[in-house]
Amino acid sequence: DAKTTQPTSMDCAEGRAANLPCNHSTISGNEYVYWYRQIHSQGPQYIIHGLKNNETNEMASLIITEDRKSSTLILPHATLRDTAVYYCIVNDYKLSFGAGTTVTVRA
Amino acid sequence: DAGVTQSPTHLIKTRGQQVTLRCSPKSGHDTVSWYQQALGQGPQFIFQYYEEEERQRGNFPDRFSGHQFPNYSSELNVNALLLGDSALYLCASSLGGQGDGYTFGSGTRLTVV
């Protein structure tokens, strides 16, 4: 049921920005893009969401393309504690999780 | 402000038994969703409750049922347990529909032997 496509894994150097891409080419006009992450054996944690404008909060920035068919989550200064599985989700009154991107931050 | 609380944290059951998992939503949230997460996979949507009614359901058999109480707390019941039901069961609460972030609990780890 997942409507998104993400890379399986990516590595990032500590202190550098991590850019996580997501494709959602079938998104409809009123569907939001959500990003969650899950650190091993914990419940998923909300990061950020957006409809069509770029969004920023204390955790990350979300860049959504003008046609809304893809987005990028940016962790500005990755730390070792950002190592997790990151899920990009298009919300349709429920969250349909795909396999996500396993992000490993290396010292 | 308490987040989402789930109980118990761990549970071991025998095949064929029945189990009830409980969830208390974050204060101010009125919608509860349940997910099953098998080892190494993303969470799979089971169902969602709003105003004490099941609003949406994922691809799970009728052995999985739920309930939402007037105080918005919720229960997940699984009958006739199978070995394949072993998983982390996650509860998430939210306020109504789209645009509102979901808050997840830490889950209940169910092991069926």
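An account of the accompanying structure is given in this report.

Rules used throughout
- Residues numbered from 1 in each chain as written.
- Chains lettered and ligands numbered in written order.
- Predicted model: local features only at pLDDT ≥ 70, side-chain atom pairs only at ≥ 80, totals over all residues.
- Heavy atoms only, no water.
- Salt bridge = Lys/Arg side-chain N within 4 Å of Asp/Glu carboxyl O.
- Helix = DSSP H or I, 4+ residues; strand = E, 2+ residues; numbered from the N terminus.
- Buried < 20%, exposed > 50% of the residue type's maximum accessible area, 1.4 Å probe, protein only.
- Disulfide = S-S within 2.5 Å.
- Contact = heavy atoms within 4.5 Å.
- Buried area = accessible area lost by both parts, 1.4 Å probe.
- Polar contact = N/O pair within 3.5 Å; in protein donor to acceptor, adjacent residues only side chain to side chain.
- Phe/Tyr/Trp six-rings, centres within 6.5 Å; stacked < 30°, edge-to-face > 60°.
- Core = buried A, V, L, I, M, F, W, Y, C linked by side-chain atoms within 4.5 Å.

## A few points about the pattern of salt bridges
All names here are of chain B.
- All told, the structure shown has six salt bridges over all chains when counted by the stated rule.
- With its nearest N and O atoms 3.4 Å apart, the salt bridge here joins Glu75 to Arg22. You can see Glu75 sitting in strand S8 (residues 74-78) and its partner Arg22 sitting in strand S3 (residues 19-24), a full 53 residues away along the chain.
- Here Glu75 falls in the buried class, since its relative accessible area comes to 18%.
- A relative accessible area of 40% places Arg22 in the partly exposed class.
- The partner of Asp85 in a salt bridge is Arg63, and the shortest N-O contact between them spans 2.9 Å. In this pair, Asp85 sits in the loop between S8 and strand S9 (87-94) while Arg63 sits in the loop between strand S6 (53-57) and strand S7 (64-68), placing the two residues 22 residues apart along the sequence.
- The exposure class of Asp85 is buried, given its relative accessible area of 4%.

## Side note on the state of the cysteines
All names here are of chain B.
- A full pass over the atoms with the stated rule returns two disulfides over all chains.
- In this model Cys23 forms its disulfide with Cys91; the gap between the sulfur atoms is 1.8 Å. On the S-S bond that ties Cys23 to Cys91, the torsion sits near -60°, and the link is left-handed. Here Cys91 lies in strand S9 and Cys23 lies in strand S3, a separation of 68 residues in the sequence.

## Brief notes about the interface of chain B and chain A
- Residue-level contacts link 20 residues of chain B with 18 residues of chain A.
- Buried area between chain B and chain A, summed over both chains or domains, comes out near 1600 Å², and the portion from carbon and sulfur atoms is 52%.
- Summed over the shared surface of chain B and chain A, the result is three residue pairs in polar contact (both at pLDDT 80 or more).
- Secondary structure elements with two or more residues in the side of chain B that touches chain A: strand S4 (31-37), strand S5 (44-50) and S6 of chain B.
- The biggest single contributor to the side of chain B that touches chain A is S5 of chain B, with three residues.

## Comments concerning unusual backbone geometry
- Going from Ser7 of chain B to Pro8 of chain B, the amide bond is cis rather than trans, its omega being -10°.
- With respect to the helices, strands and loops of the structure, Pro8 of chain B is situated in the loop between strand S1 (5-7) and strand S2 (10-13).
- Phi at Arg68 of chain A is positive, roughly 65°, even though this residue is not glycine.
- Examined against the element boundaries, Arg68 of chain A turns out to sit in the loop between strand S6 (61-64) and strand S7 (70-75).
- Taking the relative accessible area as the measure of exposure, Arg68 of chain A reaches 9% and is therefore buried.
- For Glu51 of chain B, which is not a glycine, the phi torsion comes out positive at approximately 50°.
- The residue Glu51 of chain B is located in the loop between S5 and S6 in this model.

## Looking at the packing of aromatic side chains
- Inspection of the entire model under this criterion finds 13 aromatic pairs over all chains.
- Both rings, one in Tyr87 of chain A and one in Phe97 of chain A, keep their centres 5.0 Å apart while their planes meet at 90°; by these two values the pair is edge-to-face. Linking Tyr87 of chain A in strand S8 (residues 84-90) with Phe97 of chain A in the loop between S8 and strand S9 (101-106), this pair joins segments that are 10 residues apart in sequence. Of the two residues examined, Tyr87 of chain A and Phe97 of chain A, each falls in the buried class.
- Between Phe97 of chain A and Tyr35 of chain B, the ring centres sit 5.7 Å apart and the planes meet at 90°, which makes this aromatic pair edge-to-face. Pair noted here: Phe97 of chain A is in the loop between S8 and S9 and Tyr35 of chain B is in strand S4, and the two residues belong to different chains. Per residue, the accessibility class of Phe97 of chain A equals that of Tyr35 of chain B, and both read buried.
- Among the aromatic side chains, those forming a connected cluster through ring pairs are Tyr32, Tyr34, Tyr36, Tyr46, Tyr87 and Phe97 of chain A together with Tyr35, Phe45 and Phe104 of chain B.

## Quick word on the nonpolar core
- Formed by 22 residues in total, the largest nonpolar core has its most connected members in Leu20, Trp35, Ile47, Leu73 and Tyr86 of chain A.
- At the level of elements, strand S1 (9-13), strand S2 (18-23), strand S3 (33-38), strand S4 (45-50), S6, S7, S8 and S9 of chain A are the ones that each hand at least two residues to this core.
- If you tally residues by element for this core, the top one is S8 of chain A, at four residues.
- Apart from residues lying up to four places away in sequence, Leu73 of chain A is in contact with Ala18, Asn19, Leu20, Trp35, Ile47, Ile48, Ala60, Ser61 and Tyr86 of chain A.
- If you look at the next biggest cluster of nonpolar residues, it comprises 20 residues, including Leu11, Phe64, Cys91 and Val112 of chain B.

By themselves, these figures tell us nothing about what the structure is for.
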